[in-house]
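Here's the letter readout for the chains.
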Amino acid sequence: MSEETGTTTRSAFAGALRAVPESLDTPGTEALSEVARSATLAQNLAAATRLQAAHLLVQAMGSVDRGSPGPADAPPFGDSRPAYSRLEPTDRARDHLAAAMSLTGWHASRLVTAGVQVHTRLPRLRKAIERGLFPEQLAIDAACRLAEVPDTIIGAVESDVVGALSRDLDGGHRPSRSALDTAVDASRERHDPQAAGDAVDAAVDQRTVRFRPARDGMTSMWASLPSGDAEKLRRRIDSAARAASESGHPRTRDQLRADALCALGDPTTNDIGTSLYDAEESAGAGDAATGTRADAADRPPLGASWGTEQPIRISIIDSVAQGSPNRVQFVNGAYSSFDWLCEELLSGGDSRVRFEMLDPQPGVQDTPDAVLKYFITPALAERIRLRDGTCRHPGCTVDAHDCEIDHVIAFDHQRPELGGPTAEWNLVCLCRKHHREKTFGHCAYRPGPLGELTIITETGHEHRTTPHGPLAQARDRILDHRWRQHVDRLIADDGHLTNPPGIERDYRTGRDGSRPA
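Every chain begins its residue count from 1, and numbering advances along the sequence as written. Where local features are concerned, this predicted model is filtered to residues with pLDDT of at least 70; where side-chain atom pairs are given and counted, the filter is 80 or more; whole-chain, interface and lining totals use all residues. Side-chain measures were taken over the full set of non-hydrogen atoms in the model, leaving aside hydrogen atoms and water.

A. Main features of the packing of aromatic side chains. By convention, a stacked pair of Phe, Tyr or Trp rings (six-membered ring in the case of Trp) has centres within 6.5 Å and planes under 30 degrees apart, an edge-to-face pair has planes over 60 apart, and any other such pair is tilted. Enumeration over the complete set of coordinates arrives at one aromatic pair. Stacked on the ring of Tyr 445, the Lys or Arg Lys 438 has its end atom at 5.7 Å from the ring centre. Working rule: Lys NZ or Arg CZ, within 6 Å of ring centre, within 35 degrees of ring normal, means a charge sits over the ring.

B. Seen up close, the pairing of strand 12 (residues 462–465). Exposed residues in this analysis have more than 50% of their type's maximum accessible area, buried residues have under 20%, and partly exposed residues fall in between, with area computed by a 1.4 Å probe over protein chains only. Helix and strand definitions here come from DSSP, where helices need a minimum of 4 consecutive H or I residues and strands a minimum of 2 consecutive E residues; each element is numbered from the N-terminal end. Of the two faces of strand 12, only one is covered, namely that formed by His 463 and Thr 465; the face formed by Glu 462 and Arg 464 stays uncovered. In the sheet, strand 11 (residues 453–456) pairs with strand 12 via four bridges, with the strands oriented antiparallel. Bridged to Ile 455 within strand 12 is His 463. By definition, two strands form a pair when at least two bridges between them are found by DSSP. Counting the residues between successive antiparallel strands, the hairpin from strand 11 to strand 12 contains five residues, one of them, Gly 460, with a positive phi of roughly 95 degrees.

C. Main features of the pairing of strand 9 (residues 427–430). Every second residue of strand 9 is oriented toward a common face, with Leu 427 and Cys 429 on one face and Val 428 and Leu 430 on the other, all of them buried. Relative to strand 9, strand 8 (residues 404–407) runs antiparallel, the two sharing four bridges. Paired with Glu 404 across the strands is Leu 430, a residue of strand 9.

D. Main features of the sheet that holds strand 11. With respect to topology, three strands assemble into an open sheet ordered 10-11-12, the strand pairing being antiparallel. Of all strands in the sheet, those with a lone pairing partner are strand 10 (444–447) and strand 12, marking the two edges. If you compare each strand with its neighbour and ignore which way they point, the axes differ by 20 degrees on average. Under this scheme, a helix contributes an axis fitted over its contacting stretch, all axes are lines through C-alpha atoms, and angles between N-to-C directions fall in the 0 to 180 degree range.

E. Seen up close, the pattern of salt bridges. Any Lys or Arg side-chain nitrogen located within 4 Å of an Asp or Glu carboxyl oxygen qualifies as a salt bridge. What the rule picks out here adds up to 29 salt bridges. Residue Asp 406 pairs with Lys 438 through a salt bridge whose shortest N-O separation is 3.0 Å. Of the two residues, Asp 406 sits in strand 8 while Lys 438 sits in helix 14 (residues 432–440), which places them 32 residues apart along the sequence. The buried category is assigned to Asp 406, whose relative accessible area is 10%. The salt bridge partner of Glu 424 is Arg 475, with a shortest N-O separation of 2.6 Å. Note that Glu 424 is positioned in the loop between strand 8 and strand 9 and Arg 475 in helix 15 (residues 470–490), a separation of 51 residues in sequence. Overlapping salt bridges, with partners in common, bring together Glu 231, Arg 234, Arg 235, Asp 238 and Arg 257 in one network.

F. Here's a closer look at the confidence of the model for the protein. Across the protein, the average pLDDT comes to 78, with 71% of residues at 70 or higher. For every residue, the predictor reports its confidence as pLDDT, a number between 0 and 100. We call two residues contacting when some pair of their heavy atoms lies within 4.5 Å. Here residues 1–20 is a poorly scored stretch, pLDDT under 50, and it has 41 contacts once near neighbours within four places are set aside; other chains count. Between residues 279–297, whose pLDDT stays under 50, and residues either more than four places distant or in other chains, the model counts 15 contacts.

G. Examining the packing of helix 6 (residues 154–170) against helix 7 (residues 177–191) more closely. Between helix 6 and helix 7, the shortest axis-to-axis distance is 9 Å and the interhelical angle comes to 145 degrees. Pair helix 6 / helix 7 crosses with right-handed handedness. Along the contact surface, helix 6 presents Ala 156, Val 157, Asp 160, Val 161 and Leu 165, while helix 7 presents Leu 180, Ala 183, Val 184, Ser 187, Arg 188, Arg 190 and His 191. Here a crossing is taken to be left-handed if its near helix is turned anticlockwise relative to the far helix by less than a right angle, and right-handed if that turn runs clockwise.

H. Looking closely at the environment of Leu 138. Residue position: Leu 138 is located in helix 5 (residues 136–146). Here Leu 138 falls in the buried class, since its relative accessible area comes to 2%. For the pair formed by Leu 138 and Leu 180, sequence separation is 42 residues and the distance between their alpha carbons is 8.8 Å. Once residues within four sequence positions are removed from consideration, Leu 138 is found in contact with Leu 169, Arg 174 and Pro 175.

I. Spatial organisation of the nonpolar core. In terms of nonpolar packing, the biggest core is built from 35 residues, with Leu 51, Leu 125, Ile 129, Phe 134, Leu 146, Val 149 and Val 161 touching the most fellow members. Take this core: its biggest share by element is seven residues, from helix 5. Residues Ala 400, Val 408, Leu 427 and Val 428 belong to the second largest nonpolar core, which totals 19 residues. Take the buried Ala, Val, Leu, Ile, Met, Phe, Trp, Tyr and Cys residues and link them wherever side-chain atoms come within 4.5 Å; each set so joined is a nonpolar core.

J. Geometry of helix 9 (residues 227–246). How far a helix is expected to stretch is found by multiplying one less than its residue total by 1.5 Å. A rise of 1.5 Å per residue sets the reference length of helix 9, with its 20 residues, at 28 Å; its end C-alpha atoms lie 28 Å apart and thus fit the reference within 8%. Looking only at helix 9, the buried set comprises Ile 237, Asp 238, Ala 240, Ala 241 and Ala 244. Down the axis, helix 9 shows its buried residues gathered within 160 degrees of arc, on one side only. Looking at helix 9, the residues exposed on the side facing more than 90 degrees away from the buried face are Ser 227, Lys 232, Arg 235, Arg 236 and Glu 246. Lining the buried residues of helix 9 we find helix 10 (253–263). Among the residues trailing helix 9, Gly 248 stands out with phi positive, at a value near 90 degrees. Directions pointing from the helix axis toward each C-beta atom define the arc.

K. View of helix 7. Between its first and last C-alpha, helix 7 extends 21 Å over 15 residues, near the 21 Å set by a 1.5 Å rise per residue. Those residues of helix 7 not exposed but buried are Leu 180, Val 184, Ser 187 and Arg 188. For helix 7, the arc enclosing every buried residue in end-on projection is 100 degrees, short of the 170-degree limit, so these residues lie on one face. Summarising the geometry of helix 7, the exposed residues directed more than 90 degrees from the buried face are Thr 182 and Arg 190.

L. Fine view of the packing of helix 9 against helix 10. Two elements in contact, helix 9 and helix 10, have axes separated by 8 Å at closest approach and are oriented at 125 degrees. It follows from the interaxial angle that helix 9 and helix 10 lie oblique. Both helix 9 and helix 10 take part in a crossing whose hand is right-handed. Contacts between helix 9 and helix 10 involve Leu 233, Ile 237, Asp 238, Ala 240, Ala 241, Arg 242, Ala 244 and Ser 245 on the former and, on the latter, Arg 253, Leu 256, Arg 257, Ala 260 and Leu 261. Note that the term roughly parallel is reserved for angles under 35 degrees, roughly antiparallel for angles over 145, roughly perpendicular for angles of 65 to 115, and oblique for everything else.

Here you go:
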């Protein structure tokens with residue numbers, strides 16, 4: 001016990017960690033090192049508490065479901081609800097933690113998975129975490145990776161992996177995620193080669209490709225592909241980039257690799273993305289590089305390689321009357337590239353483009369007849385998606401294009417005038433899993449006049465989200481413009497405040513009857 005501070009922190013790996021009474025800019029190197037180690041230990045122990053809380057929350061969610069009243073003839077034990085209306089306790093815990101801890105749905109899901117695994121299947125990892133030996137992210141990564149190991153070999157694999165990670169950490173080395181994957185795969189293959197082969201087959205079913213556009217006109221692509229197919233793709237891209245680079249092409253190797261990848265999806269370009277059908281070639285000019293002539297009749301129809309059999313919907317938010325410029329927008333997730341849309345507009349072809357002028361004022365689509373009908377018109381659905389941008393549940397980032405439109409206050413099919421209307425303020429975007437959570441869960445949902453959504457959990461906590469889509473941003477800009485106009489009328493150039501604004505300024509005269517300059 002320190003006499004000056006009254007507290008002592010003990011390290012799990014190297015004796016006592018003494019609290020330093022001086023400010024952090026005065027102690028020496030040794031004392032600062034002790035402070036850093038003490039803070040790291042505290043963080044690791046807090047991570048152990050969070051993982052335990054996630055596990056207990058899953059158990060509590062299961063208890064709530066088991067205690068839910070069922071039909072009169074329901075069995076005394078178990079959940080008697082139909083299968084389609086049952087929610088997994090892990091999913092409900094994930095949603096609660098995403099809102100309570102301001103996490104994304106993905107991070108909350110991994111926290112819940114790790115908490116359950118550590119406290120039900122991984123006793124060695126649990127002991128190491130509770131001693132503060134594992135950083136939180138490494139503990140979560142290890143638990144989620146070990147969750148894929150069958151119960152028949154989990155004890156042996158856990159012993160190998162936790163031992164290897166502990167030795168690395170004890171030596172001051174933080175294992176990377178790839179090192180963790182290598183350790184798990186090697187141990188799994190050693191203890192059960194057949195299970196390792198089954199895991200490879202199961203991983204193929206999880207293949208996916210994702211696109212995320214950025215504001216600078218670029219789009220990030222993330223893919224998880226079978227190794228054989230990925231190697232074919234890599235070889236083809238590298239081959240095209242290498243051939244162009246060796247021929248003296250001015251682009252860098254990285255640029256050529258990116259262009260070669262993009263060229264795979266565009267039949268109107270060569271292997272490195274150079275157009276085969278420019279204006280001169282369409283007029284009959286020869287190709288200097290290949291000695292061939294481009295025939296306009298052989299050119300693929302515009303839009304054929306882009307999946308544009310459906311009309312392209314482009315919304316123009318009409319803000320001119322409100323003092324802001326009009327803006328062209330489209331629903332998040334509908335198209336990954338604004339530049340591509342412009343190209344389609346300029347080239348024409350078989351693609352169809354539908355322009356829609358949107359009034360940014362809330363509720364302009366809400367007519368007396370429409371609000372009493374359950375059907376949501378395509379124009380209103382597009383408006384809701386433009387307003388919300390993503391799923392409205394806290395922490396969820398599913399694009400609005402992939403979401404469902406839901407009535408916050410449920411629509412009354414028997415007496416529509418008594419239920420939630422089909423109006424803009426009562427509609428929100430929810431992804432499939434959070435739509436099910438709202439329908440079959442125990443939380444209450446309250447809408448707001450501008451698309452706000454307040455979720456009241458069964459614990460009494462309130463989580464409020466606001467829309468962040470293009471339409472909501474346009475409304476914010478309009479309000480900001482109006483406020484600046486109001487301030488300009490309220491405050492004169494010399495700083496004089498006129499209230500109410502617009503009235504004639506009253507100048508006070510001095511003793512000699514003159515006005516101030």
